[in-house]
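Observations on chain architecture
The primary structure of each chain is shown beneath.
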Protein chains: 2
Amino acid sequence: MRKYNLGIDIGGTSIKIGLFDIDGNLLEVFTLKTNLRDHGRYILFEIASLIKKKVDFQEIKAIGFGVPGPVANNIVYSCVNLGWGRKDIASEFKEIIKDDEILIKVANDANLAAAGEIYKGVASGYSNCFMVTLGTGIGSGVIVAGRVVDGINGVAGEIGHIHVDDDYNLSCNCGKSGCLETVSSATGIVRLANEYLKKSDKPSMLRKFPYFSAKKVIDLAKSGDELAFEIIDKAMNYLGQALAKVSYVINPDIFIIGGGVSNAGDFIVNLITKHYYPLVKPFINHTNFAIATLGNDAGMFGACYLVK
Amino acid sequence: MRKYNLGIDIGGTSIKIGLFDIDGNLLEVFTLKTNLRDHGRYILFEIASLIKKKVDFQEIKAIGFGVPGPVANNIVYSCVNLGWGRKDIASEFKEIIKDDEILIKVANDANLAAAGEIYKGVASGYSNCFMVTLGTGIGSGVIVAGRVVDGINGVAGEIGHIHVDDDYNLSCNCGKSGCLETVSSATGIVRLANEYLKKSDKPSMLRKFPYFSAKKVIDLAKSGDELAFEIIDKAMNYLGQALAKVSYVINPDIFIIGGGVSNAGDFIVNLITKHYYPLVKPFINHTNFAIATLGNDAGMFGACYLVK
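Residues numbered from 1 in each chain as written. Chains lettered and ligands numbered in written order. Predicted model: local features only at pLDDT ≥ 70, side-chain atom pairs only at ≥ 80, totals over all residues.

Details of the overall build of chain A
Which entries qualify depends on this criterion: Helix and strand assignments come from DSSP, with helices taken as H or I runs of at least 4 residues and strands as E runs of at least 2, each series counted from the N terminus. We compute the radius of gyration over the C-alpha atoms and compare it with the globule rule, which gives 2.2 Å times the number of residues raised to the power 0.38. With C-beta atoms placed from the backbone, a residue counts as buried when 20 or more other C-beta atoms lie within 10 Å of its own, as exposed when 12 or fewer do, and as partly exposed for counts between those limits. Contact between residues is assigned whenever the C-beta positions, reconstructed from backbone atoms, fall within 7 Å.
Looking only at helices and strands, chain A has 10 helices and 12 strands in total. What you see for chain A is a C-alpha radius of gyration of 20 Å, in line with the 19 Å of a compact globule of 308 residues. Dimensions of chain A, computed from the C-alpha atoms along their principal axes, are close to 65 × 45 × 35 Å. The buried share of chain A, reckoned over its 308 residues, is 51%. Intrachain contacts of chain A at a sequence separation of at least 6 include 63% that bridge at least 24 residues.

Description of helix α4 (residues 109-120) of chain B
Condition: The span expected for a helix works out to 1.5 Å for each residue beyond the first.
End to end, α4(B) covers 16 Å across 12 residues, agreeing with the expected 16 Å (1.5 Å per residue, within 8%). Listing the buried residues of α4(B) in full gives Asp109(B), Ala110(B), Asn111(B), Leu112(B), Ala113(B), Ala114(B), Ala115(B), Gly116(B), Glu117(B), Ile118(B), Tyr119(B) and Lys120(B).

Some remarks on the packing of helix α6 (residues 186-199) of chain A against helix α8 (residues 226-250) of chain A
All names here are of chain A. To keep things clear, this is the line we draw: Throughout, an axis means a line fitted to C-alpha atoms (over the contacting stretch in the case of helices), and angles, computed between N-to-C directions, take values from 0 to 180 degrees. Relative orientations are named as follows: roughly parallel for angles under 35 degrees, roughly antiparallel for angles over 145 degrees, roughly perpendicular for angles from 65 to 115 degrees, and oblique for any other angle. By convention, the crossing between two helices is left-handed when the near helix turns anticlockwise from the far helix through less than a right angle, and right-handed when the turn is clockwise. Side-chain classes follow a simple rule in which Ala, Val, Leu, Ile, Met, Phe, Trp, Tyr, Cys and Pro form the nonpolar group, Asp, Glu, Lys and Arg form the charged group, and the remainder, Gly included, forms the polar group.
At a minimum axis distance of 10 Å, the contact between α6 and α8 shows a crossing angle of 130 degrees. By the criterion of interaxial angle, the relationship of α6 to α8 is oblique. Considering only the axes of α6 and α8, their crossing is right-handed. Of the residues in α8, those in contact with Gly-188, Ile-189, Leu-192, Ala-193 and Tyr-196 of α6 are Leu-227, Glu-230, Ile-231, Ile-232, Lys-234 and Ala-235. Its residues assigned to classes, the contact of α6 with α8 shows eight nonpolar, one polar and two charged.

Topic: the interface of chain B and chain A
How big an interface is tends to be stated in terms of accessible area lost as the parts join. At the junction of the two partners, chain B supplies 32 residues and chain A supplies 32 residues. Going through the elements one at a time, β9 (138-144) and α8 (226-250) of chain B are the ones with two or more residues in the side of chain B that touches chain A. Looking at which element gives the most residues to the side of chain B that touches chain A, the answer is α8(B), with six residues. Across the side of chain B that touches chain A, the residue classes break down as 19 nonpolar, nine polar and four charged.

Some thoughts on the pairing of strand β8 (residues 129-134) of chain A
All names here are of chain A. The following threshold applies: Following DSSP output, two strands are said to pair if at least two bridges run between them.
With six of six residues buried, β8 is to be regarded as a mostly interior element. Both faces of β8 are covered, namely the face carrying Cys-129, Met-131 and Thr-133 and the face carrying Phe-130, Val-132 and Leu-134. Taken together, the six bridges between β8 and strand β9 (residues 138-144) define a ladder with antiparallel strand orientation. Among the inter-strand pairings, Cys-129 is bridged to a residue of β9, identified as Ile-143. Taking the residues between adjacent antiparallel strands as the criterion, β8 and β9 are bridged by three residues. In this sheet, strand β11 (residues 254-258) lies alongside β8 in parallel orientation, the contact comprising five bridges.

Here we look at the confidence of the model for chain A
Formally: Confidence of the prediction at every residue is given by pLDDT, a number between 0 and 100.
Averaged over chain A, the pLDDT score is 95; the fraction of residues at 70 or greater is 100%. The ipTM for the predicted assembly is 0.92, set against a pTM of 0.93.

Describing the sheet that holds β9(A)
Residues and elements named next belong to chain A. Overall, mixed pairing links the five strands, which are arranged β10-β9-β8-β11-β12 in an open sheet. Only two strands of the sheet have a single partner each, and these edge strands are β10 (147-148) and β12 (288-291). The sheet strands contacting helix α4 (residues 109-120) are β8, β9, β10 and β11, and the helix crosses β9 at an angle near 55 degrees. Lying on the sheet, helix α9 (residues 266-280) is in contact with β11 and β12; it crosses β12 at an angle near 150 degrees.

Let's talk about the domain arrangement of chain A
Residue and element names in this part refer to chain A. Put simply, the rule reads: The source of the domain bounds is an automatic or database domain assignment.
Taken domain by domain, chain A comprises domain 1 (4-115 + 297-307) and domain 2 (126-292). In this structure, domain 1 and domain 2 have C-alpha centres spaced 29 Å apart. The interface is formed by 14 residues belonging to domain 1 together with 19 residues belonging to domain 2. Within the residue set of the side of domain 1 that touches domain 2, elements represented by two or more residues are β5 (71-72), β7 (103-108), α4 and α10 (298-307). Considering every element that reaches the side of domain 1 that touches domain 2, the biggest residue donor is α4, with six residues. Its residues assigned to classes, the side of domain 1 that touches domain 2 comprises 12 nonpolar, two polar and no charged.

A few points about the relation of the copies chain B and chain A
The test is simple: Superposition of the copies used a least-squares fit over C-alpha atoms from residues whose pLDDT is at least 70 in both.
For the pair chain B and chain A, the relating rotation is 180 degrees, the translation along its axis is 0.0 Å, and the fit reaches an RMSD of 0.0 Å. The superposition operator between the copies reduces to a two-fold rotation axis. Of the interface residues in chain B, 100% have counterparts in chain A that sit at the interface too, so the contact is made through matching surfaces.

Thoughts on the sheet that holds strand β10 (residues 147-148) of chain B
Residue and element names in this part refer to chain B. Strand order in the open sheet formed by five strands is β10-β9-β8-β11-β12, and the pairing between neighbours is mixed. Each edge of the open sheet carries a strand with a single partner, namely β10 and β12 (288-291). As paired strands, β9 and β10 are joined by two bridges and run antiparallel to one another. When the bridges of β10 are listed, Val-144 appears paired with Arg-147. Together, β11 (254-258) and β12 form the strand contacts of helix α9 (residues 266-280), whose direction differs from that of β12 by roughly 150 degrees.

Here we look at the pairing of β9(A)
Regular strands have side chains that alternate between both faces of the sheet. Residue and element names in this part refer to chain A. Judged by how many residues are buried, β9 sits mostly within the fold: seven of seven residues are covered. Neither face of β9 is exposed, since Ile-138, Ser-140, Val-142 and Val-144 on one face and Gly-139, Gly-141 and Ile-143 on the opposite face are all buried. Connecting the antiparallel pair β9 and β10 is a turn made up of two residues, with Ala-145 showing a positive phi of about 50 degrees.

Dropping the structure here:
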């Protein structure tokens, strides 16, 4: 009898496999290191083989996969970090496990993080949400009417590449410049800080460190360092601008802030909303903002949500 | 037997009532002038009374209403042009016609125009689309997975108020400045043209007219007037920027351009895409763009789509 679902989050370093019962309760988590050899060609085989050791495939009803790259209509366009180009995971995995009846769905991991937070996290009960993950880059995920939105090119929720900054116009990995990611991600905050340190004479504890992290900038800002505060305020100004634009497109019930930068909690949320509201009034007087609660498990829960 | 649906588009000047069979074929259109007296309190009664003269309410299965204002969860927030504040059309109309079994849904008219184009217009066959209507203001509508997206405050698809312009920073009806509407709507094009005429010495036929329309600017641009071309190019640059942002949020299958300005056809689409693609590459190499085909009937078709 098919009584389990699996939510699988494939990352560039490790893979998390969540075993869920049909009601969506997490029963067990299996992890394995991501095998990047030969353009990641062993990844799906190793996932199948690990699962086989733990559960009978005959008992699995559906599998959701989250991958670090654009996905549209269940087809992966590319996952640079895994070495994958275009890939039909659903067909390949069914072939590997010799099971044609299993339901397999695939989506982008940032979109699934949003789905996870709706399913079992801070956005539980909401059906329209936008999640932004401030880490090395900026990931974001879109849920409308309870459904994960991929976009025709798998680019829905890629607000990291919205152009926001003409002042510093820092170059982005995508080949353009001035993208949100260049100023508001953890990496972006550090880049922005270095620009501020160059152009300003203001004293700051930051000047004592040859290298520093976004967390250091945030901690100093919290503790009263004026220049550090200006930097974080500016970074969150850019993010507030971008989220205002998101609201004019889908007007979500809730924004979820995740990733390393979100550890700063209300301090960050208050800065974002300070810049967000003047841009959306008088149309919007209140939007929910919340810090993500599922951390690295969000993708796994979201992958399960995808097939529930 | 309930064998008809109605799609009703309530505008500030007139109301269009489309009688559809259950398969969505338009059988007949009834129109009436919008009675704005006493804060529009007679509007629903007059609609009911006109329908009653034409069809037996017992034969109507469902009614979709489109209104010129924000709607969320079937409740109108306000329709300034009609004199309406918060209004539960579905309950009021059921009360008026003494029929509790009829299905009634309500949505914003710009969102329904998008739905109409998906249902019976240029976007037929697509399920994710974003429509922008360039008229006196800028209306826009969002369809994701075939569903009309309202947004929690009814503000989904209000890209007319995305901030795009820091150069001219023209004041907007919404109380802010630099909104897309101030530079890319028909009215906005004229405002932008007047700014260009003031700041530039370039000769232009536009200088011969004390007043001119957006159509005049477009016609002159098409016929080789350099300054007129610069103005339209700039207006469509702003629009291209806004649509790039829309793509990073929902990555629609197709953008539909409607409203008076869209009568310029490919000329306008080519200018928009010229500014759009550099902002979305390398993530998006192709997006469909099309000129709306249903004109003022789009809302009526969309209202029927809402309840089909």
